[in-house]
Amino acid sequence: MKLETRRVRPGLWRIERRTAPTAGVAALVPLVSILLALLLGALLLLLAGQNPLVVYGAMLNGAFGSLNGVAETIVKTIPLSLAALGVGIAFRMLLWNIGAEGQLYFGAIAATGLALYVMPWAPTVVLLPMMVLAGFVGGALWGLIPGALRAFLNVNEIITSLMLNYVAILFSEYLVHGPWRNPQGLGFPGTRTLPDSAWLPRLSPTRVHLGLLLAVIAAGVLFVILRRTWWGYEIRVIGENQRAARYAGINIPRNMLLVMAVSGGLAGIAGMSEVAGIAHQLQRSLSPGYGYTAIIVAWLAKLNPWSTLMVAFLFAGLLVGGDQLQISMGLPAAIAPMLQGTILFFLLGGEVLSRYRLTKVRRGPTPDLNPAQR
Amino acid sequence: MNAVELTSVTKRFGSVVANDNVTFAAQVGEVHALLGENGAGKSTLMSVLAGLYRPDAGTIAVNGAVQHFRSPRDAIAQGIGMVYQHFMLVDSLTVAENAMLGQAGHGVRLHTAPVERELAELGQRYGLAVDPRARIWQLSVGEQQRVEILRLLYRGAKVLVFDEPTAVLTPQEAAGLIGTLRDMAADGLCIIFISHKLDEVLAVADRITVLRHGRTVTTVERRATNRHELARLMVGRELMGVVADQPQAVAGDAGVVNLEVRGLSAEGDKGVRALQGVELQVRSGEILGIAGVAGNGQRELAEVITGLRRATSGEVRIGGQDTTRCSPREIVAAGVAHIPEDRNGTGLIPSLDLQDNLILKHYRQQPLARGLFLNGAAIGNFADRLLSKYNVAAPSRAAKARLLSGGNQQKLLLARELSGQPRLIVAVHPTRGVDVGATEAIHHLLLAQRSRGAAVLLISEDLDELLALSDRIAVLYEGKVMDTVPARGADVGYLGLLMAGGAQSGAADHGRPMDTGGIINQDVAH
């Protein structure tokens, strides 16, 4: 049979929708994204006159090469995973909560205030749970502001939650420079040290603290809520098809408020655990941007609570490794965020490719396309 | 002579083969109908011809010469144009400006006067009256369709493809269009008419090519075939036909009034009056059909009754209880099932599995939920029971809803909505975009619900469907109920006139069968 195909200019690519993303592709995309990001990073390092292999080796060694390295990585995993779990549940409902950083700070403020000014006399078994609660409530209230604006006035939560980050950070700076400043602090911006009863127990000799358990519990609870409860079902339905949710009688504004409260609350617990586990006071730059990195982590983990823990661990390693470069090789610590950025960049690109495919427009006869000859 | 000839065309989307080695030819001076069920590949094949899609294999020949279309522009340059179901017009421009759109060769200033003159001449010639200076948004749907046709003629189209053109028209408009198409063919144009409606195909075509599952079944002469043969060719088996005459309402006038709508007014999405003082009553064991051309308040009526839209005035009572201000959940709880117009956008969640879709209205009820927790085993049983009871063809309850065919998706939706033994069913276009087999199944389900004692409000654009299923038919025009008539013995011409807003209740035309209205409904072959 004579076959004719259209003649087109050579080297033409076009984008076609994949009918169903295969499981294999879905798993491959993040891996390839990270690999490509590392390759691009290597190129940038070469341009900076560094041997990328040496740099990557130093990062790997710094983050995972020693007991202390692993412990520090876990220390950073704790706030990162808590904030990412919070961000993830909001993302599931297509609520773009970019405000985890501010919610983290508000949780930290609430927990610090409770431990220093409300019930410093309380024993550990009372004080620590109350601080977790305070951290949750502080973050939740801060998350409810963009949540309520969205639910009742349809104000874009991306803008409001992002802007509120600056408000929260500056408010905490006001506190540590002003009313809450430690009089014996030699002028350093920070509150008094928390009473011993407000310190999260550590796994000596490392700085790994009980916040790890909080993160694991939070992941477990979220997993059960999302998979086993009708509330999780409502969140899924709203996230997938808001009109169907309304049609089914699901109360969408109420769910927006609830989810933003939980989302902010988890970031708030991250802030609480940084105060009670590491800093033992509220201080300037309590978080090196955990709330922002959490967005990448949640996305990379495809919003799955357990994957979030794993991805948070890897990203914490990136942070620790980056710090290590600064110390041991005198390189700018900006290497780590640069790599994070490239990973997210490739990840989002890869996301598109898992849903669409590039096909090269064929030239010449393509007999394999004719079913009559198969 | 063959105006166009498609040879061995194959077109696939990913792993789905829409056209499989299809061969099709249409001649100069004929109306050639392309008949097939939804999803048979009719629109895809014609989109290949019109340059919108490129075939994966096969050739297109125009007047005997093989052509390679890279875009609709290439196709129109060869005289091939298509009128799509969704018009491709710019609302804020005039008719003439739309006709000129995308044409090269204009200077900085648009010279619309000669174009307007030419459009007016073309309109006159084919009975396509429309003011070339009118802006598109001012025109009715039927007039917009005429603009689409005029635009193609203006650009020199000799082959015009119509994709289900009557779907948006009143019976009178449809009859008018059919006359126009016959005139155009007689004038030497080649008309290709895509449809899945047997009667209109028989009314308009000279020859008919039947497609099934992406393959050509056969091409037949209009004179040498009949309704039954076409139906058999189209679905691959004998049709039972539209459901036979049903016994009258079980309870008749004695039934309890399950839905009462009084003086109901509401606004549409754009803040314009969509419903104005609507009065309706549906009794237990009765199907009330709502006829009307799309966009005359049908959607808003369904949404107000089901709590998805606020009424501006008036009252809705379901089972005697005032539900005008109730939330959608309270109305579901009052025993109302809703089959929405937009199946995938509203009624189902295509990205979730069948099980999740089936529990959408019941997920907080015992035994599916215990406290805050969902009961997986009970949900599995519930889903399996519904899937088998309603004959939903699906690999398993864990399959994604979007993988089902249109008919099975609709059965899935009905399974969920009817499972709660509703006292009122609001069904909006329940068989639109559904193949003939599933249509039949859905009709039987609705009738079974009526026999059970449910009140059914059936909103449809398909008069045949309304006539076959309803006990009474109310016609909605610009948000008002024009008249309500018993379905048995109803005069299609009168209904069509009401749908066009042409006659008030009791007008002189009442009872006089219209010569045009009958074309759609009469069984041409017998």
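These figures come from a predicted structure and were not determined experimentally.

Some words on the confidence of the model for chain A
The share of residues in chain A with pLDDT of 70 or more is 87%, and the mean pLDDT across the chain is 86. For the stretch residues 1-10 of chain A, pLDDT sits under 50, and the model shows 26 contacts to residues farther than four places along the chain or on other chains.

Things to note about the side chain of Thr342 of chain A
With respect to the secondary-structure elements, Thr342 of chain A resides in helix 13 (residues 335-355). Residues within four places of Thr342 of chain A in sequence aside, it is in contact with Ala37 and Leu40 of chain A.

Comments concerning the pattern of salt bridges
Residue and element names in this part refer to chain B. Under the criterion given, the structure shown has 25 salt bridges over all chains. A salt bridge links Glu315 to Arg317; the shortest N-O distance between them is 3.0 Å. A relative accessible area of 18% means that Glu315 is categorised as buried. A salt bridge links Glu417 to Arg416, with the shortest nitrogen-to-oxygen separation between them at 3.0 Å. There is no split in this pair, since Glu417 and Arg416 are both buried. One salt-bridge network, held together by shared partners, links Glu260, Arg262, Glu315 and Arg317.

Some words on the pairing of strand 14 (residues 311-318) of chain B
All names here are of chain B. Pairing of strand 11 (residues 257-267) with strand 14, which is carried by six bridges, proceeds in the antiparallel orientation. Of the residues in strand 14, the one forming a bridge with Leu259 is Ile318. Direction of pairing for strand 14 relative to strand 15 (residues 321-322): antiparallel, over a ladder of two bridges. For Ile318, the partnering residue across the bridge sits in strand 15 and is Gln321. The turn joining strand 14 and strand 15, which pair antiparallel and follow one another in sequence, is formed by two residues; a positive phi near 55° is taken by Gly319.

A look at helix 3 (residues 67-92) of chain A
Residues and elements named next belong to chain A. Here helix 3 spans 36 Å end to end across 26 residues, near enough to the 38 Å set by a 1.5 Å rise per residue. Along its length, helix 3 shows its largest kink, about 30°, at Thr77, and proline Pro79 lies within four residues downstream of that point. Most of helix 3 sits inside the fold, with 21 of its 26 residues counted as buried. Where helix 3 terminates, the next one or two residues include Leu94, which has phi positive at roughly 60°.

Some thoughts on the sheet that holds strand 8 (residues 190-195) of chain B
All names here are of chain B. Ordered in space as 6-7-8-3-9-10, the six strands form an open sheet in which the pairing is mixed. The open sheet is flanked by strand 6 (80-83) and strand 10 (215-221), the only strands paired with a single partner. With strand direction ignored, the average angle separating the axes of adjacent strands in the sheet is 20°. Lying on the sheet, helix 1 (residues 42-49) is in contact with strand 3 (31-35), strand 6, strand 7 (159-163), strand 8 and strand 9 (207-212); it crosses strand 8 at an angle near 150°.

Conventions we followed
- Residues numbered from 1 in each chain as written.
- Chains lettered and ligands numbered in written order.
- Predicted model: local features only at pLDDT ≥ 70, side-chain atom pairs only at ≥ 80, totals over all residues.
- Heavy atoms only, no water.
- pLDDT = per-residue confidence, 0-100.
- Contact = heavy atoms within 4.5 Å.
- Helix = DSSP H or I, 4+ residues; strand = E, 2+ residues; numbered from the N terminus.
- Salt bridge = Lys/Arg side-chain N within 4 Å of Asp/Glu carboxyl O.
- Buried < 20%, exposed > 50% of the residue type's maximum accessible area, 1.4 Å probe, protein only.
- Pairing = 2+ DSSP bridges.
- Expected span 1.5 Å × (residues − 1).
- Bend = angle between axes of the 7 residues up to and from the residue.
- Axes fitted to C-alpha atoms, helices over the stretch in contact; angles between N-to-C directions.

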